[in-house]
Amino acid sequence: VGRKWRITSFNRAAENITGIPRHEAIGKHCWEVFRSNRCESDCALRRTMKQGKFFVDTSTYIVNRRQRRVPLVVVTSLLKNEYDTVVGGVETFRDMNQVEQLCKELLARAPHYLSPRRNKPFVAINCGAVSQLQAALPQAHGIRVLPDVAGRAEAALSAFLEGPLVTAISGNDHHMSGKKP
């Protein structure tokens, strides 16, 4: 943004996260585009411009074009010209929904790669898709399910398996077992 808080540059990642095309964002005040919970009271970029130092990993959220809250982590820095004069500020941000999804995927795979089954295929199953469950059952002996999906997995698998379906093996994951009818 420039000194008057108008957006001067807007990349593709910003378009994807906000849902606002570059040509609509350029020239608008930053608060009109980002609609963050911190715009009015605790803007990280305003602090950077005022204090002359960057801020890293400031948590906030914006409201995107579809009126959904998007959690972000923001990094801010001063924008200076060739004479070392501040002409604006730069804010980069990461969509924490994407980061959280990647963490969930890595956490789902970690027990497999640390288990005696690590040399066998990792089979990802969408617990809401019965056809995927039917196709994956022959390979699913001894699978682990993250707690947030264990209930859905148990309900879906109960149509195909008999006996106890889910047993907790620690506070962090569940073990699915059972036999095909």
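For every chain, the first residue of its written sequence is number 1, and the numbers climb from 1 along that sequence. Residue-level local features of this predicted model are given only where pLDDT is at least 70; pairs of side-chain atoms are given and counted only at 80 or more, and the full residue set underlies all totals for whole chains, interfaces and linings. Excluding hydrogens and water, the side-chain figures rest on all heavy atoms present in the structure.

Draft legend 1. View of the nonpolar core. Grouped together as the largest cluster of nonpolar side chains are 20 residues, with contacts concentrated most on Ile-7, Phe-10, Val-33, Phe-34, Leu-72 and Phe-93. Going along the chain from the N terminus, every DSSP run of H or I of four or more residues is numbered as a helix, and every run of E of two or more is numbered as a strand. Where this core is concerned, the elements lending two or more residues are helix H1 (12-18), helix H3 (30-34), helix H4 (44-51) and strand E2 (69-80). With 4 residues, E2 is the single largest residue contributor to this core. Should any heavy atoms of two residues lie within 4.5 Å, those residues are counted as being in contact. Excluding anything up to four places from it in sequence, Phe-34 contacts Ile-7, Phe-10, Thr-18, Ile-62, Val-63 and Phe-93. For this analysis, a nonpolar core means a set of buried residues of the types Ala, Val, Leu, Ile, Met, Phe, Trp, Tyr and Cys, connected via side-chain atoms within 4.5 Å. Think of it in three bands: residues with accessible area under 20% of the maximum for their type are buried, residues over 50% are exposed, and the middle band is partly exposed, with areas taken using a 1.4 Å probe on protein chains only.

Draft legend 2. Region of the structure containing unusual backbone geometry. Phi at Arg-35 takes a positive value of approximately 45 degrees, unusual for a residue other than glycine. Along the chain, Arg-35 turns up in the loop between H3 and H4. Not every positive phi belongs to a glycine, and Gln-67 is a case in point at roughly 65 degrees. By secondary structure assignment, the location of Gln-67 is in the loop between strand E1 (55-63) and E2.

Draft legend 3. Spatial organisation of the packing of aromatic side chains. Note on ring pairs: Phe, Tyr and Trp rings are taken, using the six-membered ring of Trp, and paired if centres are within 6.5 Å. Classes follow the plane angle, with under 30 degrees stacked, over 60 edge-to-face and the rest tilted. Throughout the structure, instances matching the rule amount to 2 aromatic pairs. The interplanar angle of 45 degrees and the centroid separation of 6.1 Å between the aromatic rings of Phe-10 and Phe-34 together place this pair among those described as tilted. Highlighted residues: Phe-10 in the segment before H1 and Phe-34 in helix H3, separated in sequence by 24 residues. For the pair Phe-10 and Phe-34, a shared accessibility class is recorded, and that class is buried. Consider the rings of Phe-34 and Phe-93, whose centres lie 5.4 Å apart with planes at 80 degrees: the pair is edge-to-face. Highlighted residues: Phe-34 in helix H3 and Phe-93 in strand E3 (residues 86-95), separated in sequence by 59 residues. For Phe-93, a relative accessible area of 17% puts it in the buried group. Through successive ring pairs, a cluster of aromatic residues spans Phe-10, Phe-34 and Phe-93. One residue, Arg-47, lies across the ring of Phe-55, its end atom 4.3 Å from the ring centre. Working rule: Lys NZ or Arg CZ, within 6 Å of ring centre, within 35 degrees of ring normal, means a charge sits over the ring. Above the plane of the ring of Tyr-61 lies Arg-69, whose end atom (NZ or CZ) is 3.7 Å from the centre.

Draft legend 4. Examining the environment of Val-63 more closely. Looking at where Val-63 falls in the secondary structure, it is placed in strand E1. Between the C-alpha atoms of Val-63 and Asn-37, which are 26 residues apart in sequence, the distance is 8.6 Å. Dropping the residues within four chain positions of it, Val-63 is found in contact with Val-33, Phe-34, Arg-35, Arg-68 and Arg-69.

Draft legend 5. H4, seen in detail. Inspection of H4 places Ala-44, Leu-45, Thr-48 and Met-49 among the buried residues, and these make up the whole buried set. Down the axis of H4, the smallest arc covering the buried residues is 140 degrees, so these residues share one side. Packing partners of the buried residues in H4 comprise E1, E2 and E3. After H4 finishes, the residue Gly-52 shows a positive phi value of roughly 75 degrees. It is the directions from the helix axis to the C-beta atoms that the arc portrays.

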